[in-house]
Amino acid sequence: SSGINAEYGVNKTDWTEWWLVSVQTFHVLVFCFVIVSHRANWHLPSAVTFLFLLTLMYFAQTLNTLAAQNYVQFTKEQYFDSDGLFITLILLLPCALNCILFILSWLLQSWTLMVDLKSQQAKRYAASQKKDK
């Protein structure tokens, strides 16, 4: 079965290793970008980042295999099991959460746009009704 279990992953991981700090920093920066891009209505950069995250998630198994084969070059422990539990926890889960935030942001922006559009249509209709009387 798996060479790593959940208890080992939580209790034995050295979260101060440079590459884990880098992964954590990456996820925090992406989260901040999601928030900023929502408030600033940055549609194209948001879409590009969303597609990048999806691509990263798509190639996670390949990354896991490469990391398992070369772990001695960047870490002290073999965290990368054949089931992909560790990479799922440190890479896929945060990427998926950021993708969900992007989707929720886009849905909120679409809903706001539709409400504004209907409000303007109602004002135009009311104005045309006044003009006809």
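Provided above is the structure to which this section pertains.
Just so you know, these numbers come straight off a predicted model, no measurement behind them. (Residues numbered from 1 in each chain as written. Predicted model: local features only at pLDDT ≥ 70, side-chain atom pairs only at ≥ 80, totals over all residues. Heavy atoms only, no water.)

A.B. asks: Give a description of the pattern of salt bridges that names residues and reports values.
C.D. replies: Inspection of the entire model under this criterion finds one salt bridge. Lys-76 is paired through a salt bridge with Asp-14; the nearest N and O atoms lie 3.3 Å apart. Taken as a pair, Lys-76 in the loop between helix H4 (60-70) and helix H5 (85-132) and Asp-14 in the loop between helix H1 (6-11) and helix H2 (18-40) lie far apart in primary sequence, 62 residues in all. (Salt bridge = Lys/Arg side-chain N within 4 Å of Asp/Glu carboxyl O. Helix = DSSP H or I, 4+ residues; strand = E, 2+ residues; numbered from the N terminus.)

A.B. asks: Could you give an account of the nonpolar core, naming the residues involved and the relevant values?
C.D. replies: Among the nonpolar cores identified, the biggest contains 18 residues, and Trp-19, Leu-53, Phe-80, Phe-86, Ile-90 and Leu-91 are the most heavily contacted of them. Elements that contribute at least two residues to this core include exactly H2, helix H3 (43-58), H4 and H5. Looking at which element gives the most residues to this core, the answer is H5, with seven residues. Leave out the neighbours within four places in its chain, and Leu-53 touches Phe-26, Val-30, Cys-95, Asn-98, Cys-99 and Phe-102. (Core = buried A, V, L, I, M, F, W, Y, C linked by side-chain atoms within 4.5 Å. Buried < 20%, exposed > 50% of the residue type's maximum accessible area, 1.4 Å probe, protein only. Contact = heavy atoms within 4.5 Å.)

A.B. asks: Explain a nonpolar patch on the surface residue by residue, including any values.
C.D. replies: A cluster of nonpolar side chains, contributed by Phe-31, Ile-35, Leu-85, Leu-89, Leu-93, Leu-97, Ile-100, Leu-101, Ile-103, Leu-104 and Leu-107, occupies part of the molecular surface with about 930 Å² of accessible area. Of all the elements in the fold, those that place two or more residues in the nonpolar patch are H2 and H5. If you tally residues by element for the nonpolar patch, the top one is H5, at nine residues. Summarising the element assignment, Leu-101 is placed in helix H5. (Patch = residues over 30% accessible without salt bridge, like charges linked within 9 Å, V, L, I, M, F, W, Y side chains within 5 Å. Areas by Shrake-Rupley, 256 points an atom, 1.4 Å probe, with all protein chains shown as cover.)

A.B. asks: Explain H5 to me, and be specific about the residues and the numbers.
C.D. replies: Between the first and last C-alpha of H5 there are 68 Å, a value that for 48 residues agrees with the 70 Å anticipated at 1.5 Å per step. Roughly 35 degrees is the biggest bend found in H5, and it falls at Leu-92, with proline Pro-94 one to four residues downstream. For H5, the full list of buried residues reads Phe-86, Ile-87, Ile-90, Leu-91, Pro-94, Cys-95, Asn-98, Cys-99, Phe-102, Ser-105 and Gln-109. (Expected span 1.5 Å × (residues − 1). Bend = angle between axes of the 7 residues up to and from the residue.)

A.B. asks: A description of the side chain of Glu-17 should follow, citing residues and the corresponding values.
C.D. replies: Mapped onto the fold, Glu-17 is located in the loop between H1 and H2. Lacking a salt bridge, the buried Glu-17 has Lys-76 as its closest oppositely charged neighbour, with an N-O distance of 5.1 Å. A distance of 2.6 Å separates the side chain of Glu-17 from the side chain of Thr-75, its partner in a polar contact. Dropping the residues within four chain positions of it, Glu-17 is found in contact with Phe-74, Thr-75, Lys-76 and Tyr-79. (Lys, Arg positive; Asp, Glu negative; His and termini not counted. Polar contact = N/O pair within 3.5 Å; in protein donor to acceptor, adjacent residues only side chain to side chain.)

A.B. asks: Before we move on, could you go through the environment of Thr-75 and cite the residues and values that matter?
C.D. replies: Residue position: Thr-75 is located in the loop between H4 and H5. A C-alpha to C-alpha distance of 52 Å links Thr-75 and Asp-116, two positions 41 residues apart in sequence. Not counting the four nearest positions on each side in its chain, Thr-75 is found in contact with Glu-17 and Trp-19. Within polar-contact distance, the side chain of Thr-75 engages the side chain of Trp-19 at 3.3 Å.

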